[in-house]
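Next come the chains, spelled out residue by residue.
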Amino acid sequence: MRSRPLSATPAVAHAPAARPALIWTALVVVYVLWGSTYLGIRVAVESLPPLTSAALRFAAAASVLALVLRFRRGPGALRVDRRQLGSAALVGLLLLAGGNGLVVLAESGPSGAAVPSGIAALLVATVPLLVVLLRTLGGDRPRRWTFAGVALGFVGLVLLVLPADGPGTVPVAGALTVVAGATSWSVGSFLSGRIRMPADPFVATVYEMIAGAVALAVIAAARGELTDFSPAEVTGRSWAALAYLMVAGSLVAFTAYVWLLHHAPISMVATYAYVNPVVAVALGALLAAEPVTHQVLLGGAVIVAGVAVVVSTERPRKPATGRIDGAVPEAARR
């Protein structure tokens, strides 16, 4: 979903220069892997309970990342104080249980009720626009062009979900579920830059994913997902998709993203926000035969254009943590 282009913080000043080829390789990894996670979610929930699959994904990713940090940095690698732990847990709940969980629910269900993966990605692309609104309510004053981008993006959102006949019609209930998830993600993104989080983004991500996984597991149990769940009935496709989400989406792409924050201009890193939806729509059409109608193309193009305007007109913040305000580790989202 950590899915971050607002009020960007410049890359860390003392990071060594990286070759352009390495930077572009990392960008392609972020573009493709994060863009593909929406299709991965759709395949995973074909035979896995939706929230259970999300809980398994983040629990496994958190365990692997914690072990790597412990092995490379020693016994104190994950040490944080209570306030940092509470902040990371709160952000994890908003990002994963609220943000990712609702997207997973929207992509599950029978044909006609489930939101196609490409549409889900386009709806989630409104996160930067929502964060601008939250910042404005918090007393910030974004540029006029930033507001123009927000307005343009929401026009695209309306175009995308307008009722239409025929294949490719976006289910309104599912679309609203994704928008609710995007709102939760936006609130978590907004708060993550304003509360005392662990200084290391990898450590913060471990605790965010643990909190999200626990919450998702509890909600899944409350929904009765575990009552009739039998691992033997899960298809190989769904297990493979879940493994892909764990490794590619929550570990590899996130590592590439954090590396980019330290070695590439933030304006370049932030381009993932409007490339990911394009990748998701293309993969959904090519690999899952998701219909791409004129309405989807028009609404999606307007949303992406709005996000591009917001990304390109935002003022850089003063150097702080190397994180982008409003953009949270995609390890948490997708």
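The shown structure was predicted, so the numbers you read here are calculated from the model rather than taken from an experiment.

## A short note on helix α8 (residues 201-222)
Over its 22 residues, α8 runs 31 Å from end to end, which matches the ideal 32 Å to within 8%, given 1.5 Å per residue. Residue Asp 200 occupies the N-cap position of α8, its side-chain oxygen lying 2.8 Å from the main-chain nitrogen of Phe 202. A positive phi of about 85° marks Gly 224, the residue just after α8.

## Considering the packing of aromatic side chains
Summed over the entire model, instances satisfying the criterion amount to 4 aromatic pairs. Ring centres of Trp 34 and Tyr 257 lie 5.1 Å apart, and the angle between their planes is 45°; this geometry places the pair in the tilted category. Of the two residues, Trp 34 sits in helix α1 (residues 20-44) while Tyr 257 sits in helix α9 (residues 236-263), which places them 223 residues apart along the sequence. Classification of Trp 34 as buried rests on a relative accessible area of 0%.

## Examining the packing of helix α2 (residues 50-73) against α9
At their nearest, the axes of α2 and α9 sit 9 Å apart, and the two run at 50° to each other. One finds that α2 runs oblique with respect to α9. Considering how the two elements wind past one another, α2 and α9 form a crossing that is right-handed. Mapping the contact onto sequence places Ser 53, Leu 56, Arg 57, Phe 58, Ala 60, Ala 61, Val 64 and Leu 65 in α2 and Leu 242, Leu 245, Met 246, Gly 249, Ser 250 and Leu 251 in α9. Here the residues of the contact of α2 with α9 are counted per class, giving 10 nonpolar, 3 polar and 1 charged.

## Re a nonpolar patch on the surface
Judged by side-chain polarity, Ile 210, Val 214 and Val 218 come together as a nonpolar surface patch covering roughly 260 Å² of accessible area. For Val 218, the location among the structural elements is in helix α8.

## What to know about the confidence of the model for the protein
Mean pLDDT for the protein: 85, with 87% of residues reaching 70 or above. A low-confidence stretch, residues 2-14 stays under pLDDT 50, and its non-local contacts, those more than four residues away or across chains, total 69 contacts. Here residues 317-333 scores under 50 on pLDDT; set against residues more than four positions off or in separate chains, the count is 95 contacts.

## Topic: the pattern of salt bridges
Scanning the model with the defined rule gives 6 salt bridges in all. Notably, a salt bridge pairs Glu 290 with Arg 42, separated by 2.7 Å at the nearest N-O pair. In this pair, Glu 290 is assigned in the loop between α11 (272-288) and α12 (294-313) and Arg 42 in helix α1, connecting sequence segments 248 residues apart. A salt bridge links Asp 200 to Arg 73; the nearest nitrogen and oxygen atoms lie 2.3 Å apart. With Asp 200 in the loop between α7 (172-192) and α8 and Arg 73 in helix α2, this pair connects stretches of sequence that are 127 residues apart. Overall, the relative accessible area of 44% leaves Arg 73 in the partly exposed class.

Reading guide: rules and limits
Residues numbered from 1 in each chain as written. Predicted model: local features only at pLDDT ≥ 70, side-chain atom pairs only at ≥ 80, totals over all residues. Heavy atoms only, no water. Helix = DSSP H or I, 4+ residues; strand = E, 2+ residues; numbered from the N terminus. Expected span 1.5 Å × (residues − 1). Polar contact = N/O pair within 3.5 Å; in protein donor to acceptor, adjacent residues only side chain to side chain. Phe/Tyr/Trp six-rings, centres within 6.5 Å; stacked < 30°, edge-to-face > 60°. Buried < 20%, exposed > 50% of the residue type's maximum accessible area, 1.4 Å probe, protein only. Axes fitted to C-alpha atoms, helices over the stretch in contact; angles between N-to-C directions. Parallel < 35°, antiparallel > 145°, perpendicular 65-115°, else oblique. Left-handed = near helix turned anticlockwise from the far one by under 90°. Contact = heavy atoms within 4.5 Å. Nonpolar A, V, L, I, M, F, W, Y, C, P; charged D, E, K, R; others polar. Patch = residues over 30% accessible without salt bridge, like charges linked within 9 Å, V, L, I, M, F, W, Y side chains within 5 Å. Areas by Shrake-Rupley, 256 points an atom, 1.4 Å probe, with all protein chains shown as cover. Salt bridge = Lys/Arg side-chain N within 4 Å of Asp/Glu carboxyl O. pLDDT = per-residue confidence, 0-100.

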